[in-house]
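Letter by letter, the chains look like this.
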Amino acid sequence: MKHVCKSICLLLLAVAAIACGGNGNGAASIAQVGDSAAVAKPRQADTLSFAVVGDIMMGSTYPVKKFAANDGAELFRDCDSLLRSVDLACGNLEGVLANSGKARKPLGAKGSFSFLMPTRYVNHLVKAGFDFVGVANNHAFDFSEPGVKSTMATLDSAGIAYAGNPHAHGVVKEVRGTRVGFCAFGHSRGTLLHTDAKLVHGIIDSLKREADIVVVCFHGGAEGTSARHLPDKTEYAWGENRGHLRKFAHDCIDWGADLVYGHGPHVPRAMEVYKGHFIAYSMGNFATTGMSTAAQTGYAPLAVLRVLSTTGELIDGQLYGFIQKGTSGPRTDTRGVVINDLRTLSAQDITNNELNIDEKGRLTRK
Ligand SMILES: [Zn+2]
């Protein structure tokens, strides 16, 4: 699979029609645009299902090895069947896939926050069922351009789509007759910036010409348990403009995006339906292997969303709660605190929210 991207990368993954909404792992045929050998276009399905999650950092070899049990093989054990049950499972890859590299940042007093995942760890993403990962975040450039290139080559070889840096503005996957375009934006060096409205608008416009549905992934906002509430203003952290995310997400929908999911604060934030389309302002950490798992930073929600394939509007969905402890990866939240947190935040921070989240995590439109 090649990511040939000067502007919009038109990578079509012609995923063979799967009767019951499987995500195509093992059944995908891959075709470049214009490939006459592409499979006949299947009839477009009426609905598509997505799963969205937040930050994924599966362990690091830098500065010292820090891995989960069994070389990370059990990280996604509680959620992989769920991720594989949807048409498209999406997350944020918070780090670099490379077997070596020179860190861009110096080691800090508390140790480095540079994440170097061995390339073999891409197999955990494949096994879990991920189809797309955003690479626009503040750790994608930890090992400079060689790290970026290694990450892209590794994802390419695994058949996982990605976007969010100057080499990868967008990507299109075809699933059950519906073309889905993905793009991703961040706030730091090496990423496509969500503060650049002209760039964001241009990429969404380009994807709209190639795809039926456009998904926007973003990394932004202040960080930590004091940043759980979504402000209605520009956020700053460590001197960086982290975006006016409410405006950004609404602009994306107004410009033609159909589904927007965010991450970056390390805690979950509110969700809403805006003009019929789903927005998650932060899915928090999902599998961060010992980084930030205390209190709400350990909350790892997973949202399954069913959308109309013609308009991209949300039909309904289901929230699933997971919690990380140390290097465990997401483990089923048996007490329902994650769903409860998202219900509370969504009620408090979104006025006239068109999204209803019930106590069992069911998502419906009002
Ligand atoms: Zn981050």
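The structure under discussion appears in the preceding block.
So, here is what we can say about the structure in this document. Think of each chain on its own: its residues are numbered from 1, step by step along the sequence as written. For this predicted model, a pLDDT threshold of at least 70 governs which residues receive local features, and a threshold of 80 or more governs which side-chain atom pairs are given and counted, while totals over whole chains, interfaces and linings are taken from all residues.

Put plainly, a residue is buried at 20 or more neighbouring C-beta atoms within 10 Å of its own, exposed at 12 or fewer, and partly exposed in between, counting only other residues' C-beta atoms, which are placed from the backbone. Secondary structure elements follow DSSP: runs of H or I no shorter than four residues count as helices, runs of E no shorter than two count as strands, and numbering proceeds from the N terminus. Along strand β6 (residues 88–93), six of the six residues are buried, which leaves the element largely enclosed by surrounding structure. Here β6 shows no split at all, with L88, C90 and N92 on one side and A89, G91 and L93 on the other all buried. One ladder, built from five bridges, connects strand β3 (residues 47–56) with β6; its direction is parallel. Considered in β6, the bridge of V52 is made with C90. Any two strands between which DSSP finds at least two bridges are classified as paired. Note that β6 and strand β9 (residues 132–134) share three bridges and pair parallel. The partner of G91 across the bridge, within β9, is V133.

With respect to the helices and strands, F286 occurs in strand β19 (residues 285–287). Residues F286 and Q324 lie 38 residues apart in sequence; the distance between their C-alpha atoms is 7.5 Å. Once C-beta atoms are placed from the backbone, any two residues with those atoms within 7 Å are in contact. Sequence-distant contacts of F286, defined by excluding residues within four places in its chain, comprise V53, G54, D55, I56, G91, A300 and P330.

Now for helix α5 (residues 245–254). Those residues of α5 that fall on the buried side of the exposure criterion are L245, F248, A249, C252 and I253. Across the axial projection of α5, the buried residues extend over an arc of 135°, all falling on one side. Each element contacted by the buried residues of α5 is listed here: α4 (197–210), β13 (213–219), β15 (240–243), β16 (259–263), β17 (271–274) and β18 (277–280). A positive phi of about 120° marks G256, the residue just after α5. Taking the helix axis as origin, the arc is that swept by the directions to the C-beta atoms.

By size, the foremost hydrophobic cluster in this structure holds 107 residues, and its most contacted members are F50, A51, V52, C90 and Y162. The contacts of F50, once residues within four sequence positions are left out, are V86, D87, L88, C90, L259, L305 and V307. Residues of type Ala, Val, Leu, Ile, Met, Phe, Trp, Tyr and Cys that are buried and joined through C-beta atoms within 7 Å form what is called a nonpolar core.

Comment: phi is negative for the bulk of residues other than glycine, and the bulk of peptide bonds are trans. Each neighbour pair has its own omega, and for Y62 with P63 the value is -5°, a cis peptide bond. Looking at the element boundaries, P63 is found in the loop between β4 (59–60) and β5 (66–67). One non-glycine residue with positive phi stands out, namely R176, at about 50°. Along the polypeptide, R176 turns up in the loop between β11 (171–175) and β12 (178–185). The class of R176 is buried, set by 21 C-beta atoms lying within 10 Å. Even without being glycine, N352 reaches a positive phi, approximately 50°. Relative to the assigned elements, N352 resides in the loop between α6 (337–349) and β24 (355–357).

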